[in-house]
Amino acid sequence: DGELLEGMLLDQSLRVSRRLRRDDVTGRIVQLKIRYHDFSTYTRRVTLAGPTADADEIYRVARHLFQRVWSHKAVRLIGVGVSGIQQAASEMLDLFSSPQKNEKRRNLTRTIDQIEERFGQGKVIRAKMLGREKAGGTGTPSKKDTERPRPGREKE
């Protein structure tokens, strides 16, 4: 299901973005890796005009790469990564969007990071990611995945 796979790409883009911000770095190369049921593997990458740690930009590029390479076959593995890492201080401003919009996006991202740092990953999700638990083993682990059964009770 293409929608489900794109939801996974968004989840992975958010995770990569969070790690970049946590480490106070940015990257210039967005990479997509996809492996099909027959183990054929394709890797595609795009070098951006400037470094970024923005999840929306990483997702936009990853989604574009996915749409170019996906052949509607069963997918065994899909992944997003960023390379060309450099310190965040060298991040370029986006000249094509307003400073107010850039500041709003930074504030929203900071707030989401604070919520997830305090309450755990997956407490704030985007609509695109709803239903990704159907795929199993992707995204943030659910409570069911991390909860240990109590002694004397069988796991449900």
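Nothing here was measured: the structure is a model prediction, and the numbers come from that model. (Residues numbered from 1 in each chain as written. Predicted model: local features only at pLDDT ≥ 70, side-chain atom pairs only at ≥ 80, totals over all residues. Heavy atoms only, no water.)

We now examine the overall build of the chain. Looking only at helices and strands, one finds four helices and four strands in the chain. Going residue by residue from the N terminus, the α and β elements of the chain occur as α-β-β-α-β-β-α-α. Here the chain, with 156 residues, has 32% of them falling under the buried criterion. Contacts spanning at least 24 positions in sequence make up 72% of the contacts within the chain whose residues lie at least 6 apart. (Helix = DSSP H or I, 4+ residues; strand = E, 2+ residues; numbered from the N terminus. Buried < 20%, exposed > 50% of the residue type's maximum accessible area, 1.4 Å probe, protein only. Contact = heavy atoms within 4.5 Å.)

When the pLDDT values of the chain are averaged, the result is 80; 76% of them are 70 or greater. Low pLDDT (under 50) marks residues 134-156, which in the prediction has 18 contacts with non-local residues, meaning those over four places away or in another chain. (pLDDT = per-residue confidence, 0-100.)

This part takes up helix α1 (residues 2-22). Under the 1.5 Å per step criterion, the end-to-end length of α1 is 30 Å for 21 residues, consistent within 8% with the ideal 30 Å. Between a side-chain oxygen at the N-terminus of α1 and the backbone nitrogen of Glu-3 the separation is 3.3 Å; the capping residue is Asp-1. (Expected span 1.5 Å × (residues − 1). Polar contact = N/O pair within 3.5 Å; in protein donor to acceptor, adjacent residues only side chain to side chain.)

What follows concerns helix α2 (residues 55-69). With 15 residues, α2 should reach 21 Å at 1.5 Å per residue; the first-to-last C-alpha distance of 21 Å fits that figure. Among the residues of α2, Ala-55, Ile-58, Tyr-59, Val-61, Ala-62, Leu-65, Phe-66 and Val-69 are the ones counted as buried. The arc that holds the buried residues of α2, viewed along the axis, is 165 degrees, so those residues lie on one side. Residues of α2 that are exposed and point over 90 degrees away from its buried face: Arg-60 and Arg-68. (Arc of directions from axis to C-beta.)

What the rule picks out here adds up to six salt bridges. For Lys-73, the salt bridge is made with Asp-38, and the minimal N-O distance between the two is 3.7 Å. Here Lys-73, found in the loop between α2 and β3 (75-83), pairs with Asp-38, found in the loop between β1 (25-36) and β2 (41-52); they are 35 residues apart in sequence, far enough to count as distant. (Salt bridge = Lys/Arg side-chain N within 4 Å of Asp/Glu carboxyl O.)

Ranked by internal contacts, the top residues of the largest apolar core, which has 25 residues, are Leu-9, Leu-32, Ile-34, Phe-66 and Ile-78. Only α1, β1, α2 and β3 provide two or more residues apiece to this core. In this view, Ile-34 contacts Ser-40, Thr-41, Tyr-42, Phe-66, Val-69, Trp-70, Val-75, Leu-77 and Ile-78; residues no more than four positions away in its chain are not counted. (Core = buried A, V, L, I, M, F, W, Y, C linked by side-chain atoms within 4.5 Å.)

A word on the packing of aromatic side chains. In total, this model carries two aromatic pairs according to the counting rule given. Seen from their ring centres, Tyr-36 and Tyr-42 are 5.9 Å apart, and the 70 degrees between their planes marks the pair as edge-to-face. For Tyr-36, a relative accessible area of 1% gives the class buried. Taking the relative accessible area as the measure of exposure, Tyr-42 reaches 33% and is therefore partly exposed. Ring centres of Phe-66 and Trp-70 lie 5.2 Å apart, and the angle between their planes is 20 degrees; this geometry places the pair in the stacked category. Trp-70 carries the same exposure label as Phe-66, and that label is buried. Above the ring of Tyr-36, the side-chain terminus of Lys-73 is found at 4.7 Å from the ring centroid. (Phe/Tyr/Trp six-rings, centres within 6.5 Å; stacked < 30°, edge-to-face > 60°. Lys NZ or Arg CZ within 6 Å of the ring centre and 35° of its normal.)

The N-to-C vectors of α1 and α2 enclose an angle of 140 degrees; their axes lie 8 Å apart at closest approach. For α1 against α2, the interelement crossing comes out right-handed. Residues Gly-2, Leu-5, Glu-6, Leu-9, Leu-10, Ser-13, Leu-14, Val-16, Ser-17 and Leu-20 of α1 form the contact with α2, whose participating residues are Ala-55, Ile-58, Tyr-59, Ala-62, Arg-63, Phe-66 and Gln-67. A per-class count over the contact of α1 with α2 returns eleven nonpolar, four polar and two charged. (Axes fitted to C-alpha atoms, helices over the stretch in contact; angles between N-to-C directions. Left-handed = near helix turned anticlockwise from the far one by under 90°. Nonpolar A, V, L, I, M, F, W, Y, C, P; charged D, E, K, R; others polar.)

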